[in-house]
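# Coordinate analysis (summary)
What follows is the residue order along each chain.
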Amino acid sequence: LKNKPIISSKSLNIQKLRELSSNTLGREYMTYIDKHGFSPDERTSVRFTMDPDIAYVMARYRQVHDFWHVLADLPPSLLGEISLKAFEFQVTGLPMCAMSVAIGHLKLTHSERMQLLHVYIPWAIRNSQQCEDLLSFPYEDHLELPVETVRKLLHFEK
């Protein structure tokens, strides 16, 4: 909480990230962002808290969400988002994550629901128990490392 880094198009050298080797965290992050038409700047502002530290932690959670997609190799599909929300609930304990899973799974096909139940929820539980602190990890300082190296540093299971 001392440094409070921000992930945005202003803090990242977007063009440099696009030029990194294809297996690096920075390049894979930008490939994910570009492929799906996202921007590091599109996360909404945190509301409903007067505590600046809590507001920062919530903002950081929103900013690193796409890095977690890259680390987990999950697309922003309904199944991918619900699977990541199951993981996020395990990591953060945020009720909105649990609600996303509880309600979102109703829109999945039977086959996707079985994948969620038998593959992704066990992955979320197992992975959350072994990971390092993902919210305080300085992703910005590891953009040039291979994604696999970052996964190993974080004990993050793909």
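Details of the structure are given in the entry above.
Residues numbered from 1 in each chain as written. Predicted model: local features only at pLDDT ≥ 70, side-chain atom pairs only at ≥ 80, totals over all residues. Heavy atoms only, no water.

## Some remarks on the packing of helix α3 (residues 52-72) against helix α4 (residues 78-92)
Interaxial distance between α3 and α4 falls to 11 Å at its minimum, and their mutual angle equals 125°. Classed by the angle they form, the pair α3 and α4 counts as oblique. Both α3 and α4 take part in a crossing whose hand is right-handed. Contacts between α3 and α4 involve Tyr61, His65, Trp68 and His69 from the former and Gly80, Glu81, Leu84, Lys85, Phe87, Glu88, Val91 and Thr92 from the latter. Across the contact of α3 with α4, the residue classes tally to 5 nonpolar, 4 polar and 3 charged. (Axes fitted to C-alpha atoms, helices over the stretch in contact; angles between N-to-C directions. Helix = DSSP H or I, 4+ residues; strand = E, 2+ residues; numbered from the N terminus. Parallel < 35°, antiparallel > 145°, perpendicular 65-115°, else oblique. Left-handed = near helix turned anticlockwise from the far one by under 90°. Contact = heavy atoms within 4.5 Å. Nonpolar A, V, L, I, M, F, W, Y, C, P; charged D, E, K, R; others polar.)

## A word on unusual backbone geometry
Here the phi dihedral of Asp73 falls at roughly 55°; this positive angle occurs in a residue that is not glycine. Within the secondary structure layout, Asp73 lies in the loop between α3 and α4. Phi at His155 takes a positive value of approximately 60°, unusual for a residue other than glycine. Within the element layout of this structure, His155 appears in the segment after α7 (147-154).

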